[in-house]
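Next come the chains, spelled out residue by residue.
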Amino acid sequence: MFETRSRRSRIVLQLILTIAVVPFVVPLIAMLETSFEGAGWRNYLAVLQVPGFPRFFLNTIIIAVASMAIVYLATLMAAFGFSKLRVRAKEAYFWLMMAALTLPEVVLIAPLYSTAVKLGLLGTYWSVILPIAALQIPFTVLLARGYVDGIPDAVFEAARIDGANTWRIFWSILVPLSRPIAVALMVLVLIYAWNSYLLPKVFLIDDGMGVVTQLPEFFRRQYNDDTPKILAASVITAIPTIIAYVALQRQFERGMAAGAIK
Amino acid sequence: MTTTLDRSVGSDRKRPPAREGGHARRRARLLPGGLRWILPGFAISVGLIYYSIVYSGYLSFFDWRGGRALMTPVGFGNYMTALGDPVLWTALRNTIIYFVVVFVVQVAGGTLFAAAMHSNVRFANVYKVLVVIPVVVAPATLAPAQIQVWQSDGTVNRVLGALGLSGLEQSWIGQSTTSLLVVVLVGCWGAIGYGFILIYAGMSQIDPELIEAGRLDGAGNLRTLYSIVLPSLRPIIVSLAILNFITALKLFDNPWLITQGGPAHSSEFLGTMIYSETASTDRNLGYASALSILVLVIAVAVSIIMQMRGRERVARSSTTRKEVEDV
């Protein structure tokens, strides 16, 4: 975008960029530095040996995988129905769904909390998985429908003429053909579920059911503000996400950009 | 966001019957029914969300501590309390400040990084990963790092001390004059990477010939950025405005983890208020519901207004651009 013909302008641009990135590096350095204070590497060992530490990861994985599975199936089925099948008053259903697109999740916690208490769902995985899925589905359906609209009807007609029933068409044609958008959407749901903090904080109040975003608080309570250990736990928690991002950069960015560039 | 779609989807839908006449309708009748395919997603999302909103509206007319406690009907009492609650007005003021500052910094910073990385720079990917880390890693995970930066013996104060500016050292998080500043700056830190990704993707879609033409006409780097690149990014910037506003309205993670909304409610946001009323020991679920309904009304109203104004401006800018191209 910027034209840098001379060597000097190239160096100036590089310098500006390097200065601009400093505020991004400072917290990461502070985090690493503090996590080694005192006992050095043994802070990390101590954190890893805390009973229940793997449980936080396991809980997050369960919630993320279940949310992804629900959103994946519900989204592709709905995109198929909205785009390629006959539904009376289809657009009315679609608009009811899209009206929830920009709903802030905090609006749901008071009613869902009292409902979860009544139904005995408080502290169960479902109390977090269902709201996550509900909040993601309008968005994923919107993007998936746009994508499926782009697949020619003729493909589906040909399959129907060959005698495939709707179920078969869904699995053998729609699912494989919509893989690119599905991957981008699943990456988005994964980030959302992995990073969600408010919903688990309200609904998973028991330490045994905690998720990774609650780890810093867990350590604060257990170890009375042992800051190096809290930060060691943060580093350990951040690493899987950073590795996932670096490995799947393009899918991450496509997923995030898909929402805004329509 | 919603309304943009309305147009594109709506126009797509109307076109085929007009072109193909009765054929399309006959074909549509031959299609298998799709209601049960829509139903699972519809039940989970629309079911749960609309149920919550309706139930929230109902609860907002009661005082209720949850569980088996007595529900006392109070009419519009909770709404009246909310509107007379100075904390709500502080939270609204903070929300607006947060939105404006983070949005401006996000667009400016995102554009700078995106433009630089579209140019010929070394180690572009290293910069990119560093800028995007606060977007992909949970705020809850990174908040302890930010506390480390801003606390009394943290990085900022140490740097100020080393620069001989120890007079400026202060307890950034612990005093009501600067707590909001910390939350806003941490918000910018997390938002620039997101703006960068969207603006970077948007810049890739700009026709290189357009930029080349500008260059031939003698436009420099900044002129190109301002007169060619930014106008093409307008739809993305409108999206970012709406997304940022919704983020500010529901903000919870960072203020809660860094300042707990304090001291003395100075960094309170609607998200932290609703959370306290829902989950603290002296909760009032009715009041939390009334606040939720207020947030909902603001969210819907503002996204509609921004969407409409954004669309007008997009329409106007695209016609002017077309005129320019025609000439």
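Note that the structure is predicted; figures quoted are calculated from it, not measured.

S.K.: Would you take a moment to explain the overall build of chain B for this structure?
M.R.: Each helix and strand in chain B was counted, giving 15 helices and two strands. Scored against the burial criterion, the 327 residues of chain B give a buried share of 44%. In chain B, the share of contacts with a sequence separation of at least 24, taken over all contacts with a separation of at least 6, comes to 70%.

S.K.: Explain the overall build of chain A to me, please; I cannot follow it from the model alone.
M.R.: Check the secondary structure of chain A and you find 13 helices and zero strands. When the elements of chain A are put in sequence order from the N terminus, they spell out α-α-α-α-α-α-α-α-α-α-α-α-α. Taking 2.2 N^0.38 as the reference for a compact globule, 262 residues should give roughly 18 Å; the C-alpha atoms of chain A span a radius of gyration of 23 Å, well beyond that estimate. Each principal axis of the C-alpha atoms in chain A carries an extent, and together these give about 70 × 70 × 30 Å. A separation threshold of at least 6 residues defines the contact pool for chain A, and within that pool the share at least 24 residues apart is 77%.

S.K.: Got a minute to help me understand unusual backbone geometry in this structure?
M.R.: Both trends apply: most residues other than glycine have a negative phi, and most peptide bonds are in trans. Residue alanine 89 of chain A is not a glycine yet carries a positive backbone phi of 55°. Structurally, alanine 89 of chain A is set in the loop between α3 (53-84) and α4 (90-98). Of note, the phi angle at histidine 265 of chain B is positive, near 65°, even though the residue is not glycine. Residue classification places histidine 265 of chain B among the buried positions, given that 20 C-beta atoms sit within 10 Å.

S.K.: Help me out: how do you make sense of the packing of helix α5 (residues 106-119) of chain A against helix α14 (residues 270-279) of chain B in this one?
M.R.: Here α5 of chain A crosses α14 of chain B at 10°, and the two axes come no closer than 9 Å. Relative to α14 of chain B, the element α5 of chain A is oriented roughly parallel. In contact with Val106, Ile109, Ala110 and Tyr113 of chain A of α5 of chain A, α14 of chain B contributes Gly271, Ile274, Tyr275 and Thr278 of chain B. Taken together, the residues that form the contact of α5 of chain A with α14 of chain B break down as six nonpolar, two polar and no charged.

S.K.: Teacher, can you tell me more about the environment of valine 74 of chain B here?
M.R.: Residues and elements named next belong to chain B. Mapped onto the fold, valine 74 is located in the loop between β2 (72-73) and α4 (77-83). With 19 C-beta atoms packed within 10 Å, valine 74 lands in the partly exposed category. For valine 74 and arginine 158, which are 84 residues apart along the polypeptide, the C-alpha to C-alpha distance reads 53 Å. If we ignore the near neighbours within four places in the chain, the residues touching valine 74 are Phe61, Phe62, Asp63 and Gly286.

S.K.: Can you help me understand the packing of helix α2 (residues 41-49) of chain A against helix α12 (residues 227-247) of chain A in this one?
M.R.: Two packed helices can be described by the angle between their axes and the distance between those axes. Residue and element names in this part refer to chain A. It is at 9 Å that the axes of α2 and α12 come closest, and there the two elements cross at 75°. The angle between the axes of α2 and α12 places the two elements in the roughly perpendicular class. In this structure, α2 contributes Asn43, Tyr44, Ala46 and Val47 to the contact, and α12 contributes Pro228, Lys229, Ala232, Ala233 and Ile236. Looking at the contact of α2 with α12 residue by residue, the class counts come to seven nonpolar, one polar and one charged.

S.K.: Is there a simple way to explain the interface of chain B and chain A in this structure?
M.R.: A common way to state how big an interface is: give the accessible area lost once the parts meet. On the chain A side, the residues contacting the 87 residues of chain B number 86 residues. Among the elements that make up the side of chain B that touches chain A, the one with the highest residue count is helix α3 (residues 35-59) of chain B (15 residues). By residue class, the composition of the side of chain B that touches chain A is 58 nonpolar, 25 polar and four charged.

S.K.: When you look at the confidence of the model for chain B in this model, what are you seeing that I'm missing?
M.R.: Low-pLDDT portions of the prediction should not be read for the details of their coordinates. Residue and element names in this part refer to chain B. Averaged over all residues, the pLDDT of chain B is 82; the fraction at 70 or higher stands at 85%. Element-level mean pLDDT values for chain B span from 40 in helix α1 (residues 2-20) up to 93 in helix α5 (residues 86-118). Across residues 1-22, confidence stays below pLDDT 50; counting only partners more than four residues off in sequence or on other chains, it has 20 contacts. Low pLDDT, under 50, characterises residues 319-327; the predicted model gives this stretch one contact beyond four residues in sequence or across chains. Across the interface, the model reports ipTM at 0.86; the global pTM reads 0.86.

S.K.: Is there a simple way to explain the environment of glutamine 146 of chain B in this structure?
M.R.: Tracing the chain through its elements places glutamine 146 of chain B in helix α7 (residues 139-150). With 80 residues separating them in the primary sequence, glutamine 146 of chain B and tyrosine 226 of chain B have C-alpha atoms 34 Å apart. The contacts of glutamine 146 of chain B, once residues within four sequence positions are left out, are Pro27 of chain A together with Val186 and Ile258 of chain B.

S.K.: Would you mind showing me how to read the confidence of the model for chain A here?
M.R.: Summing up the model confidence of chain A, the mean pLDDT is 87 and the portion of residues at 70 or higher is 97%. Ranking the elements of chain A by mean pLDDT puts helix α13 (residues 249-260) of chain A last with 76 and α3 of chain A first with 93.

About the criteria used
- Residues numbered from 1 in each chain as written.
- Chains lettered and ligands numbered in written order.
- Predicted model: local features only at pLDDT ≥ 70, side-chain atom pairs only at ≥ 80, totals over all residues.
- Helix = DSSP H or I, 4+ residues; strand = E, 2+ residues; numbered from the N terminus.
- Buried ≥ 20, exposed ≤ 12 C-beta atoms within 10 Å, placed from the backbone.
- Contact = placed C-beta atoms within 7 Å.
- Rg over C-alpha atoms; globule rule 2.2 N^0.38 Å.
- Axes fitted to C-alpha atoms, helices over the stretch in contact; angles between N-to-C directions.
- Parallel < 35°, antiparallel > 145°, perpendicular 65-115°, else oblique.
- Nonpolar A, V, L, I, M, F, W, Y, C, P; charged D, E, K, R; others polar.
- pLDDT = per-residue confidence, 0-100.

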